[in-house]
Amino acid sequence: MYRLVCVKCGARYPPDAILYNCSACGHLLAVEYDLDKVSVDRAVWDSRPLSVWRYRELLPVNIPPVTLQEGGTPLYHLKRIGEELGLPHLYAKHEGMNPTGSFKDRGMTVGVSMAIQLGKTTVACASTGNTSASLAAYAARAGIPAVVLLPAGKVALGKVAQALMHGARVISIRGNFDQALEMVHELCLTHGLYLLNSVNPFRLEGQKTIGFEAIDQLGAVPDRIVLPVGNAGNISAVHKGLKELLALGLIDRLPMMTGIQAAGSAPIYRAICEDLPEVVPELHPETVATAIRIGAPVNAEKALTAIRETGGTAGVVSDEEILAMQKALARREGIGVEPASAASVAGVKKLLECGAIDRDEYIVCVVTGHLLKDPETVIRQCEPPLEINADLPSLVSALQSSSS
Ligand code: AN7
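Keep in mind it's a predicted model, so treat the numbers as computed, not measured.

Here the focus is the overall build of the protein. Helices and strands together make up the secondary structure of the protein, namely 15 helices and 13 strands. Relative to its length of 404 residues, the protein is compact, with a C-alpha radius of gyration of 21 Å against a globular reference of 22 Å. By principal-axis analysis of the C-alpha atoms, the protein measures approximately 75 × 45 × 45 Å. When each of the 404 residues of the protein is scored for burial, the buried share is 57%.

Below, the discussion takes up the sheet that holds strand E1 (residues 2–6). Taken in spatial order, the three strands of this open sheet run E2-E1-E3, and their pairing is antiparallel. If you trace the sheet from one side to the other, it starts and ends with strand E2 (12–13) and strand E3 (29–33), each paired once. Pairing between E1 and E3: five bridges, direction antiparallel. Along E3, the bridge assignment pairs Val 5 with Ala 30.

Here we take up the environment of Ala 346. Summarising the element assignment, Ala 346 is placed in helix H13 (residues 339–353). Between the C-alpha atom of Ala 346 and that of Arg 332, which follows or precedes it by 14 residues, the distance is 14 Å. If we ignore the near neighbours within four places in the chain, the residues touching Ala 346 are Val 317, Glu 321, Ile 322 and Met 325.

Right, let's talk about the pairing of strand E8 (residues 169–173) for a bit. Where strand E7 (residues 146–151) meets E8, five bridges bridge the pair, whose relative direction is parallel. Counted as the bridge partner of Val 147 is Arg 169 from E8.

If you walk through the whole model with that rule in mind, you get 28 salt bridges. Residue Asp 216 is joined to Arg 54 by a salt bridge in which the shortest nitrogen-to-oxygen separation is 2.9 Å. Taken as a pair, Asp 216 in helix H8 (residues 209–218) and Arg 54 in the loop between helix H1 (42–47) and strand E4 (75–77) lie far apart in primary sequence, 162 residues in all. Overall, the relative accessible area of 8% leaves Arg 54 in the buried class. Here Arg 253 ties to Asp 223 by a salt bridge, and the two come within 3.1 Å at their closest N and O atoms. Of this pair, Arg 253 sits in the loop between helix H9 (233–247) and strand E11 (256–262) while Asp 223 sits in the loop between H8 and strand E10 (224–228), placing them 30 residues apart in sequence. Each of the salt bridges in this network shares a partner with another, and the network as a whole consists of Arg 3, Arg 12, Glu 32, Asp 34 and Lys 37.

Next up on the list: the domain arrangement of the protein. Taken domain by domain, the protein holds domain 1 (1–38) and domain 2 (75–101 + 203–381). Taken over C-alpha atoms, the centre of domain 1 sits 27 Å from the centre of domain 2. Counting residues at the interface gives nine residues for domain 1 and ten residues for domain 2. Summed over both sides, the interface between domain 1 and domain 2 buries roughly 770 Å², with carbon and sulfur atoms accounting for 64% of that surface. If you sort the residues of domain 1 by the area they bury against domain 2, Leu 28, Tyr 33 and Leu 35 come out on top, with a joint share of 60%. Here domain 1 is connected to domain 2 by zero salt bridges.

Further remarks concern the sheet that holds strand E13 (residues 363–367). The sheet built from six strands is open, its strands ordered E4-E5-E13-E10-E11-E12 with mixed pairing. The open sheet is flanked by E4 and strand E12 (313–317), the only strands paired with a single partner. Between one strand axis and the next, the sheet turns by 25° as a mean value, whatever way the strands run. Against the sheet, H8 touches E4, strand E5 (90–94) and E13, its axis set at about 130° to E5.

Right, let's get into helix H6 (residues 177–191). An ideal rise of 1.5 Å per residue puts 21 Å on 15 residues; H6 measures up with 20 Å between its terminal C-alpha atoms. Restricting attention to buried positions, one finds in H6 the residues Phe 177, Asp 178, Ala 180, Leu 181, Val 184, His 185 and Cys 188. Looking down the long axis of H6, one finds its buried residues gathered within 155° of arc, a one-sided arrangement. Opposite its buried face, H6 presents the exposed residues Glu 182, Thr 190 and His 191, each directed more than 90 degrees away. Where H6 is buried, its residues touch strand E6 (123–126), E7, E8 and strand E9 (194–195).

Rules of the game
- Residues numbered from 1 in each chain as written.
- Predicted model: local features only at pLDDT ≥ 70, side-chain atom pairs only at ≥ 80, totals over all residues.
- Heavy atoms only, no water.
- Helix = DSSP H or I, 4+ residues; strand = E, 2+ residues; numbered from the N terminus.
- Rg over C-alpha atoms; globule rule 2.2 N^0.38 Å.
- Buried < 20%, exposed > 50% of the residue type's maximum accessible area, 1.4 Å probe, protein only.
- Pairing = 2+ DSSP bridges.
- Contact = heavy atoms within 4.5 Å.
- Salt bridge = Lys/Arg side-chain N within 4 Å of Asp/Glu carboxyl O.
- Domains from an automatic or database assignment.
- Buried area = accessible area lost by both parts, 1.4 Å probe.
- Axes fitted to C-alpha atoms, helices over the stretch in contact; angles between N-to-C directions.
- Expected span 1.5 Å × (residues − 1).
- Arc of directions from axis to C-beta.

Rendered as structure tokens:
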């Protein structure tokens, strides 16, 4: 029912090939279904709970999946921020509400299930944090060991805590994410571990369900889907999924795929702005949004296609703009996200200011990870709690003096 296909030269590989790149030309692989043989029935999908597995006919797994009940995340109308920006139809899909607090769980339920289906016994990844937290949890669920490589000193506290607590073998390397990914990729090829970074085409299959859910929740195809971009797997995954719905006749158009990067690590943004055929890696990526501190996005070629084919665009935001929007989401909407996630909404504000977005568009921003992932960055931005003596007069006077 499906095979792996090279996105560049079209070479085809069987569904059980353990491959992360085309053996012929080295480019990325994607899962291709015989869509004319897939039977999807809207009514059947609608009868299942909103989750990754609602869409199981368009997923490669044919064993009972390794699951922690991922997906089914809320789609919030951003009423106040939308009003301030003059955007009446601005929404946030809160992927921080997944089991380990990020969208990576959608990829891992499928990816780790595929590891089991393919008979692999150890899984591995490099990570800016969320991938490692998710892989550690899903490997624990499956009862297999996980190895995770992190850039030393550059991973948010909550994410390291998760990877450690779920029992992964956690290794910090003295280098950045891009170097960690190269190392773990090599390790997997030479030592038989199963690689679950977003070069793994099966993982992206799970993540494409963000787009499916957003459409089901909105009851319509949004004009634009906006995502923070690091390794560019997620924007590629959502685009691929929606193309499948289009081919199946379940939707009649594609949203404009829009990627937002942090100013210190923005190779996709630059490639779009300068209309380059491929990205020029950023050798020293830096941003407060450590989740997207990635200079050489491995899915760049898929992401550039997603943006260009849909008439979308890319935006860039400074660390200050990211943190200001993180605070606005928390205080004006009650939505707690980590810095990288706020980049999508901050990017909308920026693109609106430069006239790249129309005010009447229906816009879904994917906010990718939970506030609690990165408590240290939160604490640095907020006034510490006022400490007082344990009596009522002290409390009343404290409230009077701090009622600004
Ligand atoms: C919160 O965990 O790359 O563009 O190793 O954690 O698909 O890479 C995380 C990425 C956005 C970017 N938001 O997604 C990792 C990792 C959050 C993230 C991204 C990440 P991609």
